[in-house]
Amino acid sequence: MEVSNDFIEWLGADLSVKILMFLEDPSDLVRVSAVSSSWRQFMIVNGICKKLCLKMFPEMSTLSRAIEISNMIEPVESRTNEPIEWACLKRDHKVYAFLAQGLASFPRKDCLSEALGASSTDNYADESIQNTLEPSDRIGQRASYWSSKGEIDSAVSETLTYKLRAKLCVITEIHIQPFQAYFQFGSPIYSAKAVRFLMGHSIAGMEAQKEGDVSSAAQESSHEKFVWTYVSPEFPMAHENCLQKFMLPEPVLCIGGILQVQLLGRVKKQEIDSLYYIRVSHVEVVGRPATPAFDVEILDQSGKCMLRHNPEQHLCSNNRSPQSESSCPPRIHRFSASIRGWEHMILNTLLGARGIMVNDYDYDYDGEDDDSDDQYN
């Protein structure tokens, strides 16, 4: 009797899946699928790359329950006589391999795109939330900060709502700098007592307002306009004029591209009117936006969504300027880009795509999609 040396065949599907899920690097899973045709088929049929995405970012579990995995990717047409279900499984395998690798490691980058609105503003537009996007608390001779309206009750909270650079963003930390009113007697600091962060997406009805006044909509009633899928713990805020860094317990995948800063409680009373204020000079959101090749369409308030993958965007991103590494010495910059290029080429080859060398400065994982008949053979 012949003894099998294939541990997947010997151990069975369930135990093999558990063992493979101990691999934390998405590149390793891609290499596993390249061992043999039977291993590749096992990886595809069992959706191992999708399972890895769920393991890395549990936030994706709400999306998978809302829509079938095979329907999250735009339907593909089989160019051979193979069943369409198998063609979709192969496409899912490749897309989630790209997605997992793209979200696994990333450079530090500010993920804020624009300010949507604040729960209140004292003097619009001189003290608008738009000022919090500026890194300095002064622009020329003018102070730059956001200010809430004054309140008698120090327990009244405020919110600042922002749009991220992409609908898929991995967020690791948020930086906030309270504003010190240097033009007032004693230079008081108007910080909050604590902060909390919410992430989520706009409801389906908000999509129609993209061309309208989104800021006003967010300012009127943020809880009615957005669905929050993640709520962080509360972080105490120091009563100091410095950029305070709040590290999330784990990296969070924001699906929908909306982040809200909740400023909980007030510390300082303004002498001129004896009211409590919160004032912020700057907000940063550190993480990594997904590559332009990925996008999420929110279909309804329940969180049902469609994950879109556009392989052509991988090639477009290769032509971008190296903004994120502009401060690096040219020799190190070229070396890093070369290493990433070789990693991309190897992973593309293992996935079945054409092995091409790329120089992508903004992202750690790109590739070219090849829909030829022998793509996975």
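Summarised in this report is the structure supplied together with it. These numbers come from a predicted model, not from an experiment.

Between helix 3 (residues 26-33) and helix 4 (residues 37-45), the shortest axis-to-axis distance is 7 Å and the interhelical angle comes to 130°. Compared by their axis directions, helix 3 and helix 4 come out oblique. Across the interface between the two elements, Leu 29, Val 32 and Ser 33 from helix 3 touch Trp 39, Arg 40 and Met 43 from helix 4. For the contact of helix 3 with helix 4, the residue count by class is four nonpolar, one polar and one charged.

Generally speaking, soluble globular proteins have nonpolar side chains that are buried together. Judged by nonpolar contacts, the single largest core of 34 residues is most densely connected at Leu 99, Leu 168, Leu 253 and Phe 294. Examining the composition of this core, we find that seven residues originate from one element, helix 8 (residues 84-104), more than from any other. Not counting residues up to four positions away in its chain, the partners in contact with Leu 168 are Leu 99, Leu 253, Cys 254, Ile 255, Arg 288, Pro 289, Ala 290, Phe 294, Val 296 and Leu 307. Formed by 32 residues, the second largest nonpolar core is a distinct cluster that contains Ile 176, Met 199, Met 237 and Val 280.

Our next topic: the pattern of salt bridges. Tallied over the entire structure, the rule returns four salt bridges. In this structure, Glu 114 engages Lys 163 in a salt bridge whose closest nitrogen and oxygen atoms are separated by 3.9 Å. Taken together, the residues Glu 114 in strand 2 (residues 112-118) and Lys 163 in strand 6 (residues 158-164) connect sequence positions 49 residues apart. Classification of Glu 114 by relative accessible area gives partly exposed; the value is 33%. Residue classification places Lys 163 among the partly exposed positions, given a relative accessible area of 37%.

Okay, the packing of aromatic side chains next. Scanning the model with the defined rule gives 10 aromatic pairs in all. Relative to Phe 179, the ring of Tyr 145 lies with its centre 4.0 Å away and its plane at 10°, an arrangement referred to as stacked. In this pair, Tyr 145 sits in the loop between strand 4 (142-143) and strand 5 (146-147) while Phe 179 sits in the loop between strand 7 (168-178) and strand 8 (192-202), placing the two residues 34 residues apart along the sequence. The burial state of Tyr 145 is the same as that of Phe 179; both residues are buried. Pairing Phe 179 with Phe 183 gives two aromatic rings, centres 6.0 Å apart and planes at 35°, and the pair type is tilted. These aromatic residues form a ring-pair network of at least three members: Tyr 145, Phe 179, Tyr 182 and Phe 183. Just above the ring of Tyr 190 sits the side chain of Arg 279; from NZ or CZ to the centre is 4.5 Å. In this arrangement the basic side chain of Arg 279 is found over the ring face of Tyr 277, its NZ or CZ atom lying 4.5 Å from the centre.

One can find Ile 203 in the loop between strand 8 and helix 9 (214-220). When the C-alpha atoms of Ile 203 and Ile 298 are compared, they prove to be 7.6 Å apart, with 95 residues separating the residues in sequence.

In terms of burial, helix 3 is largely enclosed, as six of its eight residues are buried. Among the residues of helix 3, Pro 26, Ser 27, Leu 29, Val 30, Val 32 and Ser 33 are the ones counted as buried.

The next thing to look at is unusual backbone geometry. Looking along the chain, the bond that leaves Tyr 124 and enters Ala 125 is cis, with omega of 10°. Along the polypeptide, Ala 125 turns up in the loop between strand 2 and strand 3 (138-139). Notably, Ser 187 is not glycine yet its phi reads approximately 50°, a positive angle. With respect to the helices and strands, Ser 187 occurs in the loop between strand 7 and strand 8. Exposure remark for Ser 187: the relative accessible area of 26% places this residue in the partly exposed category.

Definitions and limits used
Residues numbered from 1 in each chain as written. Predicted model: local features only at pLDDT ≥ 70, side-chain atom pairs only at ≥ 80, totals over all residues. Heavy atoms only, no water. Axes fitted to C-alpha atoms, helices over the stretch in contact; angles between N-to-C directions. Helix = DSSP H or I, 4+ residues; strand = E, 2+ residues; numbered from the N terminus. Parallel < 35°, antiparallel > 145°, perpendicular 65-115°, else oblique. Contact = heavy atoms within 4.5 Å. Nonpolar A, V, L, I, M, F, W, Y, C, P; charged D, E, K, R; others polar. Core = buried A, V, L, I, M, F, W, Y, C linked by side-chain atoms within 4.5 Å. Buried < 20%, exposed > 50% of the residue type's maximum accessible area, 1.4 Å probe, protein only. Salt bridge = Lys/Arg side-chain N within 4 Å of Asp/Glu carboxyl O. Phe/Tyr/Trp six-rings, centres within 6.5 Å; stacked < 30°, edge-to-face > 60°. Lys NZ or Arg CZ within 6 Å of the ring centre and 35° of its normal.

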